[in-house]
Amino acid sequence: MFNAFQGSSALGLTQVAALTGLLKSDVFRLLKSLQRFGFIEQDEERGRYRLGLALLELGHLVHHRLRLNDVARPVLRQLAELSGAVANLAILDPIDSKIVFIEQIGTLRPGQLPWRIGQRVECPHATAVGKTLLAHLDPELIGLVLGPKGLRQRTRHTITTVTALDRELRIVRERGYATDWEEALDGSSCIGAPVRDYTRRVVAAVSLSMETHSLAKVGEEEVAALVKSAAAKISAMLGCAVKSAMSSVNVSRLHSQVAPSEEPKPRESRGGNGPSSDRYLRANKVVGRRSEERRVGKECR
C-alpha cells in the first residue's frame, strides 16, 4: 500500500487500487484504517490520499535506533571481551510500550536466559534492563510497560508487589544501576545501567549478564562500575555530558571468575543443606543496599 505512493505525493482511490492490484472496496477500507492512525491523510477538497506524518515519526525512531546500535556496538563488544560475560542493549519501543533487546554480544553460558535481538521483555520488573528503563519513566507509563499481567513471578526472587517495585526503582535512580539477582531465571543474574542522549533523557539500558555464582564472586559494585562506564561512554557519544572518572576495575579478576571453569556450578539447595547460591544473593544484596549513595564510575548529569 505505501509503495503505491513512491511515484506520486497524492493519489485517488482508483489510482491506489490500480497500483496495488486490490479491489477498490478493499483499498477504501485499508486507507480508512491507516487514516485513523495517522499513516494516511486525505485532502478534504480533492479527496486524494497522501502519506501521513505518523510515518515520519516512525522513520525518526528507526533512524535513532540504527544510530544507537552503531554507536553502542563497539562499546558492548569491548564490555563483553573485558568481562567474558554477555553484554546487552535494550530500549523502550514507544509504539507498543514494550522493552525490546536491540543488541547482544557475547557467549551465553548454560542456564543463562537466551534473549534474542528484537525480543520483547515479558517481565521487565524481573530484569536489570527492565528496571533501569522503568526507573526513568513517568509513573503513568509504568503500568503500560508492565502490561495486563502486571508483576508476574518468574522465580522466588521476583518482585511481586507495587510497594517493593517502587522501592527498587527508587534505589536504581539513586545508585545509577539496576540488579537482577535470579529474578528472571534461577542461576542467572544481571546488572544494568542507563544510557542518556544529549537531552539527558534515558533512551536505552546497557546490561551485563552472567551466572550468579560468577557475579557473586566478583562483587556487585565492581561489575556495576564496569557497566556504568560502558553506559557513560555510549551516552557521551550521543552528546550527553560526562562527569568524573571511572574507578579502577579489576578486569582480570572479573574475567577469571566469569570464564568457563572445570569446577561445578554451585546449585541452589531448596532444603537448606549443601552449597547454595542464597548466601551469595543475601551478601550481595546487603552490599548493594549499603552502597546506594555511592557514585561509582562515570555518570551523566
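Here, every reference points to the structure presented above.
Residues numbered from 1 in each chain as written. Predicted model: local features only at pLDDT ≥ 70, side-chain atom pairs only at ≥ 80, totals over all residues. Heavy atoms only, no water.

Student: Would you mind showing me how to read the environment of Phe5 here?
Tutor: Structurally, Phe5 is set in the segment before α1 (13–20). Using a relative accessible area of 6% as the deciding quantity, one classes Phe5 as buried. Between the C-alpha atom of Phe5 and that of Gln15, which follows or precedes it by 10 residues, the distance is 9.9 Å. Once residues lying within four places of it in the same chain are set aside, the contact partners of Phe5 are Leu11, Val16, Ile40, Tyr49, Arg50 and Leu51. (Helix = DSSP H or I, 4+ residues; strand = E, 2+ residues; numbered from the N terminus. Buried < 20%, exposed > 50% of the residue type's maximum accessible area, 1.4 Å probe, protein only. Contact = heavy atoms within 4.5 Å.)

Student: Hey, could you run me through helix α5 (residues 139–146) in this one?
Tutor: For an α-helix the count is 3.6 residues per turn, leaving residues at separations of three or four pointing the same way. Of all the positions in α5, only Ile142, Val145 and Leu146 are classed as buried. Buried residues of α5 fall within an arc of 90 degrees about the axis and therefore sit on the same side. Exposed and oriented more than 90 degrees from the buried face of α5 are Glu140 and Leu144. Considering only its buried residues, α5 is in contact with β3 (86–93), β4 (98–105), α4 (128–134) and α6 (162–175). In the stretch just after α5, Gly147 is the one whose phi turns positive, near 80 degrees. (Arc of directions from axis to C-beta.)

Student: Please clarify how the environment of His136 should be interpreted in this entry.
Tutor: Along the chain, His136 falls in the loop between α4 and α5. Sequence separation of His136 and Val202 is 66 residues, and the distance between their C-alpha atoms is 6.7 Å. In contact with His136, other than residues within four places in its own chain, are Arg173, Pro194, Arg196 and Val202. Separated by 2.9 Å, the side chain of His136 and the backbone oxygen of Thr132 make a polar contact. (Polar contact = N/O pair within 3.5 Å; in protein donor to acceptor, adjacent residues only side chain to side chain.)

Student: Please clarify how the sheet that holds strand β7 (residues 202–211) should be interpreted in this entry.
Tutor: Note on sheets: strands pair through backbone hydrogen bonds, and any given pair is parallel or antiparallel. With antiparallel pairing, 5 strands are arranged side by side in an open sheet as β4-β3-β7-β6-β5. Each of the sheet's edge strands pairs with one partner strand only, and the pair in question is β4 and β5 (178–185). Across the sheet, the mean angle separating the axes of adjacent strands is 30 degrees when strand polarity is ignored. Pairing of strand β6 (residues 188–196) with β7, which is carried by 9 bridges, proceeds in the antiparallel orientation. Note on β7: the bridge partner recorded for Arg196 is Val202. (Pairing = 2+ DSSP bridges. Axes fitted to C-alpha atoms, helices over the stretch in contact; angles between N-to-C directions.)

Student: I'm lost on unusual backbone geometry in this one. Help?
Tutor: Excluding glycine, residues mostly carry a negative phi; peptide bonds, for their part, are mostly trans. Of note in the backbone geometry, Glu182 takes a positive phi value of approximately 55 degrees without being a glycine. Located in the positive-phi region is Arg200, a residue other than glycine, with phi close to 75 degrees. Among the structural elements, Arg200 can be located in the loop between β6 and β7. Residue Arg200 is classed as partly exposed on the basis of its relative accessible area of 47%.

Student: Is there a simple way to think about the pattern of salt bridges in this case?
Tutor: Oppositely charged side chains can pair when the atoms bearing their charge come close. Enumeration over the complete set of coordinates arrives at 9 salt bridges. As a salt-bridge pair, Asp197 and Arg201 come within 3.7 Å of each other at their nearest N and O atoms. (Salt bridge = Lys/Arg side-chain N within 4 Å of Asp/Glu carboxyl O.)

Student: Please explain α6 as it appears in this structure.
Tutor: Over its 14 residues, α6 runs 20 Å from end to end, which matches the ideal 20 Å to within 8%, given 1.5 Å per residue. Where α6 is concerned, the buried positions are Ala164, Leu165, Glu168, Leu169, Ile171, Val172 and Arg175. Looking down the long axis of α6, one finds its buried residues gathered within 155 degrees of arc, a one-sided arrangement. Seen from the buried face of α6, the exposed residues on the opposite side, beyond 90 degrees, are Val162 and Thr163. Just past α6, the residue Gly176 takes up positive phi, approximately 85 degrees. (Expected span 1.5 Å × (residues − 1).)

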